[in-house]
Amino acid sequence: MSITPVPPGWWKMPLHKEEKIWISIALIWCIAITIAMPAWHFVGQQNSSQEYYTISAEDYNTLAEDFMEKYKTGTETAGDWEWDVVTPPPGSDIFLRGMQWKWDPILKLKKGETYRLHLSSIDVLHGLSIHPLNMNFEAVPGWDYVLTITPTQAKEYRIICNEFCGADHHGMIGKIIVE
Amino acid sequence: MSDFRTCSITGLKVHLPAEKLIKINAVTAIVFLLVGGILGLLLVLTRWQAVHLLPPEFFYRFLTLHGIAMLVAWIIFWEMAALYLTSAILLNSRLAVPWVGWLQYLLMLVGGGLVAVIILLGGADVMFTSYVPLKADPLYYLGIILFAVGAILGCVVFFATLVVAKTEGTYSGSLPLVTYGAAAAAIIAIITLSHGAIVFIPTLLWSAGLIPPMDAEVYRLIFWGFGHSSQQINVCTMVAVWYMLGTLTVGSTPVNEKVCRTAFVLYILFINIASEHHILVDPGFSAAHKSWNTSYFMHLAVLASMIHAFSVPAALEVALRKKGYTRGTFEWLKKAPWGNPGFSALFLSLVGFGFLGGTTGVIFGTEQLNILSHNNLRIPGHFHATVVAGTTLAFMGATYYVLPLIFQREVAFPWLAKIQPYLFGIPIMVFSTFMMVAGGFGVSRRSADMYGSGGFSVEYSPIVDISLSIMGISGVVACLGGAAFCVIAVATLIIGKKIEAK
Ligand code: HEM
Ligand SMILES: [Cu+2]
Ligand SMILES: [Cu+2]
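Trainee: Just give me the short version of the coordination of the copper ion (ligand 3), but keep the residues and values in it.
Mentor: All names here are of chain A. Within the first shell, the copper ion (ligand 3) binds the protein through C161 (SG), E163 (O), C165 (SG) and H169 (ND1), at distances of 2.0 to 2.3 Å. One way to put it: the four donor atoms around the copper ion (ligand 3) meet at angles of 92 to 124°, and that makes the site tetrahedral. One chain supplies every donor for the copper ion (ligand 3), spaced along it as C-x1-E-x1-C-x3-H.

Printed below as a string of structure tokens:
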């Protein structure tokens, strides 16, 4: 009985055959997935980025603003929001700034070209969810998270904030245009 | 010996101060379950986009409180009751230091109450994770610290009682398996809760304006370092409760004590790691760091769960076969006491936790797949399978035994009790599943409106609509199942027939 004390000797009780089989299978399976995960890191190359730097929110903000000013090609509005539309040259360093409650700017990218996307926040945590790809990354104040991206489809992507960031968290929806 | 009574059902000596503490903790747990359940209903009626009940402000406020009331208050108050039950009562012993037990209760009540009030007053719309630099009122963090300290005291009383029982010779041989499992849970609790109390001290000081904020990523690392690990308190207690329900419902005996106990030790040793699956798509830590943390050590803890996944049903099968249900491979299963809520809760909890919660946890916690699951509805889908279909349901099942044994009353509305685990367990699994389906199409968690608030519109696959509707309907039914549990428990306390001491 599992609710009554056990007489001595329980440690010496041999395992049944079924138990041995099950534990062996479970152990092999656990070892397999333990190896599979790091292995896929190298084989699959589908990993989250490992490039990141610490940066103060002010410095990041300055870089992002300079970037937006430099490559601004227009503006766009929706509801009460207004965005700069920014068209950076292929291969460049691009910035996506999270703040309460806006993703800045609207990025216009070229299909098949590679960019270094600097993701961060200047206030609280935000979450970058690229919709409808459903790829998700965390935007952390104080950290510049560099995602090297190559858009493969010409399309308008939504970027939805998916880390709770305050009153209008659900309204924090931006856009990336790939053409 | 006026401090004891003898249980008329089990013949166990029941220490009255321990009994009082079990009662008060269990009742408080159920009150929080009721509060959290009402909020859960409002939340699901909001996430069910076709209904979309609450305005954002209240959605976020209630979501914060739902997380606290359920994951923190309901579960940990119930675990305190379980610790006193598995130490003093099962070991025929007196509770070591009842006044510390009362201090546990008071600190948790004051802390939990403070947190709840602050949230309702709008002082802490930060979710239970309270990621810095999103700021809550200092009293919120203070409440959490008080609650954690209280819970640690409960664990101290538990271990002190084990020592008392041993030295006073109230039992012979080794600890019962259930007590052993509870001890594993208590060890994990002491480690994780003290970390929790510690990390909230700088957060409290920062919120009070005394020190600069902590780095946001460091907070996430530390928060999940104890936050995820503390979920293993729930896993451990739940497994212990599974073994207990196996014995109480069909008289099962663990097939091999050595195997079961070793598995509990694996939980203590390894499950405390794994916590970095929360930060797999964050900056700040190398992939090597994260993979090591989330693969090696976690999978040894998964091994422990796999072992229990065999031992618990195996023990049931052996016990039922001994009763003569030996025809074919599955007669024992067919003839199992499905009308006994303790048994059906055990079985559904096993299925929900194992097949739905555990598997999805391993999947979403994988380095690459996490990119597709981080912070979308897959995550609450996963943990409503573990902590609701698994832990909560197991605790409900055990409550059907605590009521007669500790409160000495016959369970009220037995017909309702008979179906309650099904009414709660099955819909919650459906709810979790379709939450995960919607998450797979990119619907965010913790979002008051997945279509935004007047800026850019968002389009979703048509499957999302259907999924959220199924999630909504099953969530509402699950709330009925949860309400049935609360009604039965409260009615038992008020009008349940008294069981006379012999
Ligand atoms: C029938 C009962 C329940 C229903 C209908 C329900 C419903 C929900 C819903 C709709 C959400 C919001 C998901 C989101 O938008 O991110 C949620 C979140 C949550 N629920 Fe439940 N829930 C129930 C029971 C429970 C129980 C028993 C527990 C714990 C033991 C629990 C723990 C949580 C937690 C921790 C969260 C996350 C809060 C956050 O994101 O900060 N729930 N629940
Ligand atoms: Cu945001
Ligand atoms: Cu947000």
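So that's the structure; there's more coming.
Trainee: How would you sum up the sheet that holds strand 5 (residues 102-104) of chain A? Please name residues and give values.
Mentor: All names here are of chain A. What the five strands build is an open sheet, ordered 1-10-7-4-5; its pairing is mixed. Edge positions in the sheet fall to strand 1 (51-54) and strand 5, since each has one partner strand and no second. Neighbouring strand axes in the sheet, compared pairwise and without regard to direction, differ in orientation by 20° on average. Across six bridges, the pairing between strand 4 (residues 93-99) and strand 7 (residues 115-121) is parallel. Counted as the bridge partner of I94 is L117 from strand 7. Running at roughly 120° to strand 4, helix 2 (residues 57-71) makes contact with strand 4, strand 5, strand 7 and strand 10 (143-149) of the sheet.

Trainee: Can you explain the layout of surface pockets? Please cite residues and give values.
Mentor: Rolling a probe over the atoms, with the probe sized like a water molecule, indicates the empty space that remains. All names here are of chain B. Taken as a whole, the second largest pocket encloses approximately 820 Å³ of empty space. Residue lining of the second largest pocket: 41 residues in total, with G40, L43, H66, M70 and H384 positioned closest to the centre. Only helix 1 (16-47), helix 2 (56-89), helix 12 (378-406), helix 13 (414-440) and helix 14 (462-495) provide two or more residues apiece to the lining of the second largest pocket. Split by residue class, the lining of the second largest pocket holds 30 nonpolar, eight polar and three charged.

Trainee: Describe the nonpolar core, listing the residues and the values that go with them.
Mentor: Membership of the largest hydrophobic core comes to 148 residues, with the highest contact counts inside it found for B:W74, B:W242 and B:F264. If one sorts the elements of this core by residue count, helix 2 of chain B sits on top with 16 residues. Listed in part, the 72 residues of the second largest apolar core include A:F164, B:Y219, B:V281 and B:A448.

Trainee: Can you tell me about the site of ligand 1, naming the residues and giving the values?
Mentor: Residues and elements named next belong to chain B. Taken together, 27 residues surround ligand 1, and among them R47, H66, H384, R445 and R446 come closest. Taking H66, its side chain carries an N or O atom lying 2.8 Å from a nitrogen atom of ligand 1. R446 places a polar main-chain atom, nitrogen or oxygen, 2.7 Å from an oxygen atom of ligand 1. More than half of the atoms belonging to ligand 1 lie within 2 Å of the grid points that define the second largest pocket. Contributing elements (two or more residues each) for the shell around ligand 1: helix 1, helix 2, helix 12, helix 13 and helix 14. Considering only residue class, the shell around ligand 1 consists of 19 nonpolar, five polar and three charged.

Trainee: How would you explain empty space enclosed by the protein if you had to name every residue and give the values?
Mentor: Residue and element names in this part refer to chain B. Scanning the model with the defined rule gives nine cavities of 30 Å³ or more in all. Every residue lining the largest cavity is counted, 27 residues in all, and those nearest its centre are V72, I76, L193, F226 and S230. When residues of the lining of the largest cavity are traced back to their parent elements, those giving at least two are helix 2, helix 3 (98-120), helix 4 (138-167), helix 5 (177-207), helix 6 (216-227) and helix 7 (231-250). If one sorts the elements of the lining of the largest cavity by residue count, helix 2 sits on top with six residues. Taken together, the residues of the lining of the largest cavity sort by class into 18 nonpolar, eight polar and one charged.

The rules behind these values
- Residues numbered from 1 in each chain as written.
- Chains lettered and ligands numbered in written order.
- Predicted model: local features only at pLDDT ≥ 70, side-chain atom pairs only at ≥ 80, totals over all residues.
- Heavy atoms only, no water.
- Donors = N, O, S within 2.8 Å, 3.2 Å for Na, K, Ca; no water.
- Tetrahedral: all angles 85-135°; square planar, octahedral: opposite > 155°, others 65-115°.
- Pairing = 2+ DSSP bridges.
- Helix = DSSP H or I, 4+ residues; strand = E, 2+ residues; numbered from the N terminus.
- Axes fitted to C-alpha atoms, helices over the stretch in contact; angles between N-to-C directions.
- Contact = heavy atoms within 4.5 Å.
- 1 Å grid on protein atoms, 1.4 Å probe; cavity = no way out; pocket = protein on both sides within 12 Å on 5 of 7 lines; lining within 4 Å.
- Points joined across faces, edges and corners; volume = space filled by probe spheres on them.
- Nonpolar A, V, L, I, M, F, W, Y, C, P; charged D, E, K, R; others polar.
- Core = buried A, V, L, I, M, F, W, Y, C linked by side-chain atoms within 4.5 Å.
- Buried < 20%, exposed > 50% of the residue type's maximum accessible area, 1.4 Å probe, protein only.
- Near = heavy atom within 4 Å.
- Polar contact = N/O pair within 3.5 Å; in protein donor to acceptor, adjacent residues only side chain to side chain.
- Sits in = over half its atoms within 2 Å of the grid points.

The values are spatial; any link to function lies outside them.
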